[in-house]
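Residues per chain are reported as follows:
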Protein chains: 2
Amino acid sequence: MDGEHLQAEIISIGTELLLGEITDTNAAYIAGRLPFLGIDLYWISQVGDNKARIIEILQRAWNRSDIIFITGGLGPTADDVTRESIAEMLGEEMKIDPDLEKTLRERFGRYGFDMPLSNMKQATIIPSAQSIPNPAGTAPGWWVEKDGRTLITMPGPPRELNVVWQETVQPRLEERAESVLVTRTFKTFGYSEGGAGEMVADMLAASNPTLGIYAKPDGIHLRLAVKAESVEEAEEMLAESDRRIREIMAGHIWGVDDDTLEAIVGSLLIKKGLTLAVMEDSHGGNLAPALNDIPESKLFLKGGLLAGTDLSMIAFGVNPDIINNGPGDELACAMAESARNLLGSDIGIGTVGTDEVTRDNPMGTTYIGIADALGSRAVSRPRRRQYVTATILFELRESLLNKSG
Amino acid sequence: MDGEHLQAEIISIGTELLLGEITDTNAAYIAGRLPFLGIDLYWISQVGDNKARIIEILQRAWNRSDIIFITGGLGPTADDVTRESIAEMLGEEMKIDPDLEKTLRERFGRYGFDMPLSNMKQATIIPSAQSIPNPAGTAPGWWVEKDGRTLITMPGPPRELNVVWQETVQPRLEERAESVLVTRTFKTFGYSEGGAGEMVADMLAASNPTLGIYAKPDGIHLRLAVKAESVEEAEEMLAESDRRIREIMAGHIWGVDDDTLEAIVGSLLIKKGLTLAVMEDSHGGNLAPALNDIPESKLFLKGGLLAGTDLSMIAFGVNPDIINNGPGDELACAMAESARNLLGSDIGIGTVGTDEVTRDNPMGTTYIGIADALGSRAVSRPRRRQYVTATILFELRESLLNKSG
């Protein structure tokens, strides 16, 4: 291959794909990761659980591609024939691997099941393949090296694919990579896509680094990407654009790359030793669980209160007179204060939505209250759950950054 | 074709697909609709905006398929080459169609723009094609009929594809349809995929109806599919397999087709006039929001309590002595009872997890308490959020069904 990029192809196997029962998100998952490994993707295809058609597509891939990624068809039932098809295409024989069998039996044992006989084929392997461990399921993958080609099979359920990719496939591909793509994503809040685009128009027109703009639920993302022979060289090539974006977007950038607003706000709370409690009505109900998903949530999240009815709000300590006035700034602040009081947190958040449609907010309005030792304040936003969650977190971040501490 | 099923293939065109920037939802959209038109889908592929590779894939499709569906690559810019590739593959010449040009110019005029010259190619057509109107965008499709084959191009943006499909493509295909597919999915809980497979092994081996087995977060799904000349005939052909599956899986089937456990449990609660309150510790925290997402949740969900700390549990009314004993059946039941008392619901659910790893539960354990007017009971499961949520809902369904009501 001598410095040339490897030519890759993805084959997703499963009759569900051809029946439109599921969308092939695995192909996009893999495709999005190959540029970073210096691998060029030329083909993606989906085929049903049909051995003749799988072998035809495998044979074509084997003839034209350096690396073939295969997902799906590794289940225990008779309709899963990915392993059989690969073995037949390569003219090799599947044999049971005693270590794989042991691992599989232990897995069933842990859940208190006897292993059905049909699962035995998940313990098979062919001579040119090594097994790829699957800590998230019963189907290990195969890593085939033969005639200068690489063929990698991975389980179809996205959760399993992700684990197998991250733990084994990506690290092994990284070892071979001859060029790298380095990217940096700046995450901003408070711009429109077009507005952000105009601010960085010259960089959008440039190549290596290229700049892309994406509208996401947590704001506008700006993604710089540069190709180079080494990470060091790439970092050097990124430095100037990085500096300019940070200057132009100052105050609006809340994070980079894998940062999430939840984690950023969580870290700020932990750093300042502050705790949080949340009360949401049935229009919301997602902020506390989102914060709870952060591994460190125990250090700052006292709890969440989801009020399905007005009576529940009263049980949580909200003044019935304020509830009777209906959703608004006052109720959002009262909910924030009650959450803070009931759970003994430093900061309380309250959110309450209304279906009432106005010219400005055709989707209804969500009122957001933030309460701390100094009092409470409210903002309101169009009622769109993800946007509201991002607004709350961005507001919280602002107020935490403005607090001395 | 004489009663035989048409053999179809989908080709999605766009370099974004190969970079993993977007997921090909169009293929799944089309695929999901073909079975009901008596069209068998054998292949799906994605290819970049590269003329040589598009022509290669088109030529293969032309040789093996009766109907070819193509999406994407119909934009005005130079990188969109779907039209050019089809014309070249068929050896035909693209010409500007005066009617299409007029429609296009009018469209730009309505928005107050002059039509850029580059858009002119969206007004082209080849002799074997008819134009497919696109009321949602500037790219009309082509409907090619030649040598007994049909080739249909549609715009790539999903919103435009959906309109074009619904307004023109589907009605025209319906006129030709000679058979229909009817499916029924049985959703079960409490089996492994292999275990369920062995129970219905003979049906898995049969054809028309065919049976497929799928492991999902809410249990094992069994999907019957039958092809027939009419819906009535199909229903008749399904009846025996339907009866047998219901018999074999009795007690484990909780729903069919689009049913969700959340909605099933919600309907049962509404039907019996019962209300629910939930308390979860930080290992869970997702049951109340999942129930809150059901449109009718206001009719049965009093609220949710997410306890981030032991002190929050005490604030919610749980006995401190029981909390001190640590996670277990007793605490789960106490949480269920406290949720019920604080929010005044008929049924209370409590869930608490432990990180403690045992040979049986290498992921830790979640204890689930269910309390009602008659008392409380507990079950425990390996700590895996989706599995726990499904377990709680299945248990709740069981106890609601066993209550006279």
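Residues numbered from 1 in each chain as written. Chains lettered and ligands numbered in written order. Predicted model: local features only at pLDDT ≥ 70, side-chain atom pairs only at ≥ 80, totals over all residues.

### Notes on the overall build of chain A
A count of helices and strands for chain A gives 15 helices and 17 strands. Along the first, second and third principal axes, the C-alpha set of chain A runs to 75 × 55 × 40 Å. The buried share among the 405 residues of chain A stands at 44%. For chain A, contacts bridging at least 24 residues in sequence account for 63% of all contacts bridging at least 6. (Helix = DSSP H or I, 4+ residues; strand = E, 2+ residues; numbered from the N terminus. Buried ≥ 20, exposed ≤ 12 C-beta atoms within 10 Å, placed from the backbone. Contact = placed C-beta atoms within 7 Å.)

### Looking at the packing of helix H2 (residues 25–33) of chain A against helix H6 (residues 158–176) of chain A
Residue and element names in this part refer to chain A. Relative orientation of the contacting elements H2 and H6 amounts to 25°, with a least axis distance of 10 Å. Considering their axes alone, H2 and H6 lie roughly parallel with respect to each other. As for the relative orientation of H2 and H6, their crossing is right-handed in sense. Here H2 contributes Thr25, Asn26, Tyr29 and Arg33 to the contact with H6, which in turn contributes Pro158, Leu161, Asn162 and Gln170. (Axes fitted to C-alpha atoms, helices over the stretch in contact; angles between N-to-C directions. Parallel < 35°, antiparallel > 145°, perpendicular 65-115°, else oblique. Left-handed = near helix turned anticlockwise from the far one by under 90°.)

### Side note on helix H3 (residues 51–64) of chain A
Residues and elements named next belong to chain A. Here H3 is 14 residues long and its end C-alpha atoms lie 20 Å apart, about the 20 Å a rise of 1.5 Å per residue gives. Taken together, the buried positions of H3 are occupied by Ile54, Ile57, Leu58 and Ala61. The buried residues of H3 occupy one face: seen down the axis, they fall within an arc of 105°. Set apart from the buried face of H3 by more than 90 degrees, the exposed residues are Ala52 and Asn63. (Expected span 1.5 Å × (residues − 1). Arc of directions from axis to C-beta.)

### Quick look at the interface of chain A and chain B
Taken together, the contacts link 58 residues of chain A with 57 residues of chain B. In terms of residue class, the side of chain A that touches chain B is built from 27 nonpolar, 22 polar and nine charged. As paired elements, strand E14 (residues 301–307) of chain A and strand E14 (residues 301–307) of chain B share five bridges and run antiparallel to each other. Residue pairing in the sheet places glycine 304 of chain A in a bridge with leucine 306 of chain B of E14 of chain B. (Nonpolar A, V, L, I, M, F, W, Y, C, P; charged D, E, K, R; others polar. Pairing = 2+ DSSP bridges.)

### A word on the domain arrangement of chain A
The domains assigned to chain A are domain 1 (6–176), domain 2 (180–256) and domain 3 (261–402). One C-alpha centre belongs to domain 1 of chain A, the other to domain 2 of chain A; they are set 35 Å apart. (Domains from an automatic or database assignment.)

### Quick look at helix H9 (residues 231–248) of chain A
Its 18 residues give H9 of chain A an end-to-end C-alpha distance of 25 Å, which sits within 8% of 26 Å, the value for a rise of 1.5 Å per residue. Taking the largest bend as the criterion, H9 of chain A deviates by roughly 40°, centred on alanine 239 of chain A. (Bend = angle between axes of the 7 residues up to and from the residue.)

### Quick word on unusual backbone geometry
Following asparagine 208 of chain A, the chain continues into proline 209 of chain A via a peptide bond in cis, with omega recorded as 5°. Positioned with a positive phi, aspartate 257 of chain B is a non-glycine residue whose angle comes to about 50°. Within the secondary structure, aspartate 257 of chain B is located in the loop between strand E12 (253–256) and helix H10 (261–272).

### Points about the packing of helix H3 (residues 51–64) of chain B against helix H4 (residues 82–90) of chain B
Residues and elements named next belong to chain B. Axis separation between H3 and H4 bottoms out at 9 Å; the angle between their running directions is 50°. The orientation of H3 with respect to H4, classified from their angle, is oblique. The hand of the H3/H4 crossing is right-handed. Here Lys51, Ile54, Ile55, Leu58, Gln59 and Trp62 of H3 lie close against H4, whose contacting residues are Thr82, Glu84, Ser85, Ile86, Glu88 and Met89. Its residues assigned to classes, the contact of H3 with H4 shows six nonpolar, three polar and three charged.

### Focus: the sheet that holds strand E10 (residues 210–216) of chain B
Residue and element names in this part refer to chain B. Read across the sheet, four strands follow the order E10-E11-E9-E12 without closing on themselves; strand pairing throughout is antiparallel. Because the sheet does not close on itself, it has two edges, and the strands there are E10 and E12. Adjacent strand axes in the sheet meet at a mean angle of 25° when their direction is disregarded.

### Overview of the environment of valine 164 of chain A
Residues and elements named next belong to chain A. By the secondary structure assignment, valine 164 is in helix H6. Look at valine 164 and you get buried, because 25 C-beta atoms sit within 10 Å. Contacts of valine 164, omitting those with residues within four sequence positions, involve Ile132, Asn134, Gly141, Met154, Pro155 and Val169.

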